[in-house]
Amino acid sequence: MNHRSSLVACACLAALAACQPQSEGTTFTQWNTATTGAERTRPTSAGVTTPVTTPTPVVTPVSEMPTSAINTMALMLAEEAVAPGDPVPQPPATPVISPAIEPRVRELRAIVERTDDCWSSAPMMRIAHMPPRECGQWFETLARGGEASGHAIGQFLAANVRGMNSAPSERLSEILASTEAQSGGAYVVRRIHALIDAISAEQPQTFNGSAAPPLALMHTNLRVFEQSTGFPVNETALWNNSFDAEGAAKARPAAVRALRFWSRNGQAASSWQSLSDQRLRLWLSADDPRALRASALILSRRGSAHLRAEAERALNRVDTSTSSAEARVYARMLLRRFQPNANEMGMGMDALD
Amino acid sequence: MLSVVLARRTLAARLASIAALALAVCSGMLSRDARGQRSTAAPALRPLFSHGAHPVHVGRPAARTGRGTAEDCGECHREIAREWAGSLHKSAWTDEVFQAAYDVEPMTFCRNCHAPLAREGTRPTGVAARDGVSCAVCHVRDGHVLSSGSGRGDAPGTIAPHAVRADARFAQSEYCAGCHQFNFPAETTAGGPLFDTRAPMQDTFGEWQRSAHAARGTQCQDCHMPWRTAPDGARYRSHDFTGARDPSLLARSVRIEARASREGAALVVRARVIPTDVGHAFPTGDLFRRLELSVWIDGEPRRAQVVSFARSFTDVYERTPDGHMAFVRRQSGDSRVQPPGTGTPRESELRFTGASLANARLVRWKLEHLLMPSPQAAAQGFGAARNRATVIEGSTSVTAGITP
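Just so it is clear, the structure is predicted and the values come from calculations on it, not from any experiment.

*Asks:* In this structure, what is going on with the overall build of chain B? I would like to understand it.
*Replies:* The helix and strand tally for chain B stands at 15 helices and 15 strands. Buried residues in chain B amount to 54% of all 404 residues. Counting every atom, chain B has about 17700 Å² of accessible surface; 55% of that belongs to carbon and sulfur.

*Asks:* Mind showing me how you'd approach the overall build of chain A here?
*Replies:* Assigned secondary structure in chain A consists of 16 helices and two strands. Across chain A, contacts joining residues at least 24 apart in sequence account for 74% of those joining residues at least 6 apart. Counting only carbon and sulfur atoms, one obtains 53% of the accessible surface of chain A, whose full area is about 14800 Å².

*Asks:* Would you explain the packing of helix H4 (residues 102-114) of chain A against helix H5 (residues 135-143) of chain A in this entry?
*Replies:* Residue and element names in this part refer to chain A. The contact between H4 and H5 brings their axes to 10 Å, and the two run at 145 degrees. In terms of crossing hand, the pair formed by H4 and H5 is left-handed. Facing Arg 104, Leu 108, Ile 111, Val 112 and Arg 114 of H4, the residues of H5 in contact are Trp 138, Thr 141 and Leu 142. Residue composition of the contact of H4 with H5, by class: five nonpolar, one polar and two charged.

*Asks:* Whenever I open this one, the sheet that holds strand S1 (residues 140-141) of chain B confuses me. Can you help?
*Replies:* The strands that make up a sheet are held in pairs by hydrogen bonds between backbone atoms, and each pair lies either parallel or antiparallel. If you trace the three strands from one edge of the open sheet to the other, you get S1-S2-S3 (chain B), paired in mixed fashion. Whereas interior strands pair on both sides, the edge strands pair on one side only; in this sheet they are S1 and strand S3 (164-166) of chain B.

*Asks:* Is there a simple way to explain the state of the cysteines in this structure?
*Replies:* Cysteine pairs can be covalently joined through their sulfur atoms, and such a bond is termed a disulfide. Residue and element names in this part refer to chain A. With the rule as written, the count across this model stands at one disulfide over all chains. Across a sulfur-sulfur distance of 2.1 Å, Cys 118 and Cys 135 are joined as a disulfide pair. Taking the torsion about the sulfur-sulfur bond, which here is approximately -100 degrees, the covalent link between Cys 118 and Cys 135 counts as left-handed. Of this pair, Cys 118 sits in the loop between H4 and H5 while Cys 135 sits in helix H5, placing them 17 residues apart in sequence. For the pair formed by Cys 118 and Cys 135, the shared burial category is buried.

*Asks:* Just checking my understanding: could you explain the pattern of salt bridges for this structure?
*Replies:* Oppositely charged side chains can form a pair if their charged atoms are brought close together. Under the counting rule described, the total for this entry stands at 33 salt bridges over all chains. Ionic pairing is found between Asp 286 of chain B and Arg 126 of chain A, a salt bridge with its closest N-O pair at 2.8 Å. Taken together, the positions of Asp 286 of chain B in the loop between strand S9 (266-275) and strand S10 (290-297) and Arg 126 of chain A in the loop between H4 and H5 put the pair across two chains. Assigned by exposure class, Asp 286 of chain B and Arg 126 of chain A land together as buried. For Glu 347 of chain B, the salt bridge is made with Arg 272 of chain B, and the minimal N-O distance between the two is 3.3 Å. With Glu 347 of chain B in strand S13 (residues 346-352) and Arg 272 of chain B in strand S9, this residue pair connects regions lying 75 residues apart in the sequence. A relative accessible area of 38% means that Glu 347 of chain B is categorised as partly exposed. By sharing partners, the salt bridges in this structure join Arg 255, Glu 257, Arg 272 and Glu 347 of chain B into a single network.

*Asks:* Even after reading the chapter, I still don't get empty space enclosed by the protein, so can you show me in this structure?
*Replies:* Sizing a probe to match a water molecule and rolling it over the atoms shows the empty space that remains. Residues and elements named next belong to chain B. A full pass over the atoms with the stated rule returns six cavities of 30 Å³ or more. Of the volumes computed, that of the largest cavity is approximately 50 Å³. Lining the largest cavity we find Phe 49, Ser 50, His 51, Gly 52, His 54, Val 56, Asn 112, Cys 113, Pro 116, Val 137, Gly 178 and Cys 179. If you list the elements that add at least two residues to the lining of the largest cavity, you get helix H6 (108-114) and helix H9 (173-180). Here the lining of the largest cavity is built from residues that sort into six nonpolar, six polar and no charged.

*Asks:* Looking at this structure, I do not really get the confidence of the model for chain A. What am I missing?
*Replies:* Any segment with low pLDDT has predicted coordinates that should not be analysed in fine detail. Residues and elements named next belong to chain A. Looking at chain A, pLDDT values average 64 and 45% of them are 70 or higher. Across chain A, the element-wise mean pLDDT spans from 20 in helix H2 (residues 25-35) up to 95 in H4. Note that pLDDT drops below 50 for residues 1-78; the model gives that stretch 138 contacts with residues more than four away or on any other chain. Within the model, pLDDT remains below 50 along residues 341-353, and this stretch shows 25 contacts once partners closer than five positions in the same chain are excluded.

*Asks:* Mind showing me how you'd approach the packing of aromatic side chains here?
*Replies:* For any pair of aromatic rings, the description consists of the separation of the ring centres together with the inter-plane angle of the planes. The final tally for this structure, using the stated rule, is 10 aromatic pairs over all chains. Seen in terms of ring centroids, Trp 93 of chain B and Phe 98 of chain B are 5.3 Å apart; in terms of plane orientation they differ by 55 degrees. Their pairing is tilted. Phe 98 of chain B shares its class with Trp 93 of chain B; the two are buried. One Lys or Arg, Arg 171 of chain A, reaches over the ring of Phe 139 of chain A and ends 4.1 Å from the middle of that ring. Here the guanidinium or amino end of Arg 235 of chain B rests over the ring plane of Trp 227 of chain B, the centre of that ring lying 4.5 Å away.

*Asks:* What am I meant to see in the pairing of S9 of chain B here?
*Replies:* The side chains of a regular strand alternate, first on one face of the sheet and then on the other. Residue and element names in this part refer to chain B. Here S9 lies mainly inside the structure; eight of its 10 residues are buried. Relative to S9, strand S8 (residues 254-263) is paired through 10 bridges, and the arrangement is antiparallel. The residue bridging Ala 260 from the neighbouring strand is Val 269, located in S9. Between S8 and S9, which pair antiparallel and follow one another directly, the connecting turn spans two residues, one of which, Gly 264, has a positive phi of 65 degrees.

*Asks:* What am I meant to see in the nonpolar core here?
*Replies:* By size, the foremost hydrophobic cluster in this structure holds 47 residues, and its most contacted members are Leu 142, Ile 153, Leu 172, Ile 192, Met 218 and Phe 225 of chain A. Where this core is concerned, the elements lending two or more residues are H4, H5, helix H6 (146-159), helix H7 (166-179), helix H8 (184-201), helix H10 (213-229) and helix H12 (245-266) of chain A. Sorting elements by how many residues they give to this core places H12 of chain A first, with nine residues. Those residues within four positions of Ile 192 of chain A in sequence are excluded, and the remaining contacts are Met 218, Asn 221, Leu 222, Phe 225, Ala 255 and Leu 259 of chain A. Judged by nonpolar contacts, the second largest core, of 28 residues, contains Ile 256, Ala 271, Val 337 and Ile 392 of chain B.

*Asks:* Explain unusual backbone geometry to me, please; I cannot follow it from the model alone.
*Replies:* A negative phi angle characterises most non-glycine residues, just as the trans form characterises most peptide bonds. Cis geometry marks the peptide bond from Phe 282 of chain B to Pro 283 of chain B, where omega comes out at 0 degrees. By the element assignment, Pro 283 of chain B lies in the loop between S9 and S10. The phi torsion at Glu 180 of chain A lies on the positive side, around 55 degrees, for a residue other than glycine. The phi dihedral of Arg 198 of chain B falls on the positive side, at around 60 degrees, and the residue is not glycine. Positionally, Arg 198 of chain B belongs in strand S5 (residues 194-203).

*Asks:* How do you make sense of the side chain of Thr 197 of chain B when you look at a structure like this?
*Replies:* Topologically, Thr 197 of chain B is positioned in strand S5. Contact partners of Thr 197 of chain B, with chain neighbours within four places excluded, come to Phe 184, Pro 185, Ala 186, Val 328 and Arg 330 of chain B.

*Asks:* In this structure, what is going on with the packing of H4 of chain A against H6 of chain A? I would like to understand it.
*Replies:* Packed helices, taken two at a time, are described by the angle their axes make and the gap between the axes. All names here are of chain A. At a minimum axis distance of 8 Å, the contact between H4 and H6 shows a crossing angle of 45 degrees. When the axes of H4 and H6 are compared, the pair comes out oblique. As for how H4 packs across H6, the hand of that crossing is right-handed. In contact with Arg 104, Val 105, Leu 108, Arg 109, Val 112 and Glu 113 of H4, H6 contributes Ala 148, Ser 149, His 151, Ala 152, Ile 153, Gln 155 and Phe 156.

*Asks:* Help me understand the environment of Ala 265 of chain B, please; the structure alone is not making it clear to me.
*Replies:* All names here are of chain B. Structurally, the position occupied by Ala 265 is in the loop between S8 and S9. When its relative accessible area of 70% is taken as the criterion, Ala 265 is described as exposed. Counting along the chain gives 88 residues from Ala 265 to Thr 353, while the straight-line C-alpha distance between them is 6.7 Å.

Cut-offs and rules
Residues numbered from 1 in each chain as written. Chains lettered and ligands numbered in written order. Predicted model: local features only at pLDDT ≥ 70, side-chain atom pairs only at ≥ 80, totals over all residues. Heavy atoms only, no water. Helix = DSSP H or I, 4+ residues; strand = E, 2+ residues; numbered from the N terminus. Buried < 20%, exposed > 50% of the residue type's maximum accessible area, 1.4 Å probe, protein only. Areas by Shrake-Rupley, 256 points an atom, 1.4 Å probe, with all protein chains shown as cover. Contact = heavy atoms within 4.5 Å. Axes fitted to C-alpha atoms, helices over the stretch in contact; angles between N-to-C directions. Left-handed = near helix turned anticlockwise from the far one by under 90°. Nonpolar A, V, L, I, M, F, W, Y, C, P; charged D, E, K, R; others polar. Pairing = 2+ DSSP bridges. Disulfide = S-S within 2.5 Å. Salt bridge = Lys/Arg side-chain N within 4 Å of Asp/Glu carboxyl O. 1 Å grid on protein atoms, 1.4 Å probe; cavity = no way out; pocket = protein on both sides within 12 Å on 5 of 7 lines; lining within 4 Å. Points joined across faces, edges and corners; volume = space filled by probe spheres on them. pLDDT = per-residue confidence, 0-100. Phe/Tyr/Trp six-rings, centres within 6.5 Å; stacked < 30°, edge-to-face > 60°. Lys NZ or Arg CZ within 6 Å of the ring centre and 35° of its normal. Core = buried A, V, L, I, M, F, W, Y, C linked by side-chain atoms within 4.5 Å. Parallel < 35°, antiparallel > 145°, perpendicular 65-115°, else oblique.

Right, here's the structure in full:
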């Protein structure tokens, strides 16, 4: 699976290189170089490892470009590069819990702890366990918990940066984002901060040969951060297939970039959702195809409907006025996203994954 | 995390229900292999072990053996007692790796083998915890001292303070299977009774049965309890139960053939891990054990490429014998090194690229034995020093190979 993703990423790179203006060629050259080095190998069930050969560059039509390519486009909009050794910004303070919701936070925190049993395959366990029947109900309760859920889940995520299974934290992170709790962003940023520490503390060799929990958790959290704030930080193709020292070296700058963005903008925004809205509005107001692609990414992964009218107006404008054929393609893709039953008909952005 | 531990503790009670199934399996296995006893009249010896289904009931101590504790046995059997004191049988319960696992899944069937003298249904304490698999666990039943019959206690002219009842099973691999071969249990429903999946969680005996070692009659004891000579000249079976903690035993298990050559712009390393003197899959035992082969260009260890050799599992949602649907753990892959006589050597091809290859003259490699995947070890507080043991390491020169 990972190697298939790598191949897709390579194909995307080729496609991106083909469709970028000449002035941006340097960016792609550097990016491409960073992904080479020791080539990946593919172990078979028999323990035999065969190399994954570099595919012949293929130019993918924009209409067939997977979301990961769009993700890469979004990456280009990041304001600044981060070097591997750059300092880590200070994490935000732990959010303060209002006394009025404190008892509810405690109740929900207990539920969060119980959800650890909701995973049938816990890699550190020796037998398969049945998840409790209450799991669905627990997750629903958390999703409806608003600000109290934000604290309950956020506290748990910020404090637990180890463990074998990234699935529980992924589910909880998604629920945290869906609560639109104001405190959610700060907790996720604190978790990213703690994960940087965890990754830095690991010896590179300890990652080899098996999934590395801090890296897997970091991947999940940067994705949640990206979906929630609109800041394109999770350059998936760069490192999520590399759970080793190379992956760790690449994950850190991505995480530091997220922390920097939060330091600059997070405290001022009323919530991470408003931060995301600001960013989408900015991008939707531009005719720049790259900005539209970034918007496509965010909107395709984020279920918020309140920007729909605004997005539709902007996209119609792009579709009819812009001179860029590429921008029109993305505008149409985004518009299809808003059509009824888009996903069922395979017309939404998700269908491009 | 605490909640997980508490939730899993309830499993202890549930797992007791697997006892009947396991007992049925093991009783057949051991009783079939009972052979002639040399000394006193042969009694109908009960199965000695139950694959974890029950604690071990040794009955009353043998005459003139004190309380029958390891300390008492060591009064006379000094060498054996000293060896056992440093073995994993002695620390079967107290071993920190076992304890970390038991904290997560405190199951009855674990306890029944790791502290077999503890009372049923109780957390082991005292001697039962401290001595783990002690002398009496194997050698005492109902007032009799049991032995293979070929040790010093039976040597002509030796006057043992206690009678010895010979039991040929002591020298057979089947004897070890009593604890070192068992199946995954599974829950019929969330929190419900358990059933035997008939899928081995530990298959060491099965692996041995399929090996060339079994075909030529080499038993577990021949490698793990080799013959030794005491200071007084008497021969006896070693009781340090050497295993994966013994570097010499690890090193003799496999050898590696590695070739490194340039192929175009790449440097390609082909490595074969070939079983040599090992009578079971390597590694064997616990489902998390694995080998990792690291290969790197001399001077660039941080760019090492790693291949793992391990079992993999998947949880399958399937119908249980009583008609429920439940998750059952099934093995989905096994890339471990198989013993001679089964399978083929593991081959890996690793490809290095990059500007630094121009001057590469030497490729280094190291094969390590891991108790569990590194992230799991880190999560349980075990560093590489505790989790990893070097099996074999070496280097190979880079040959010209194929040039474009």
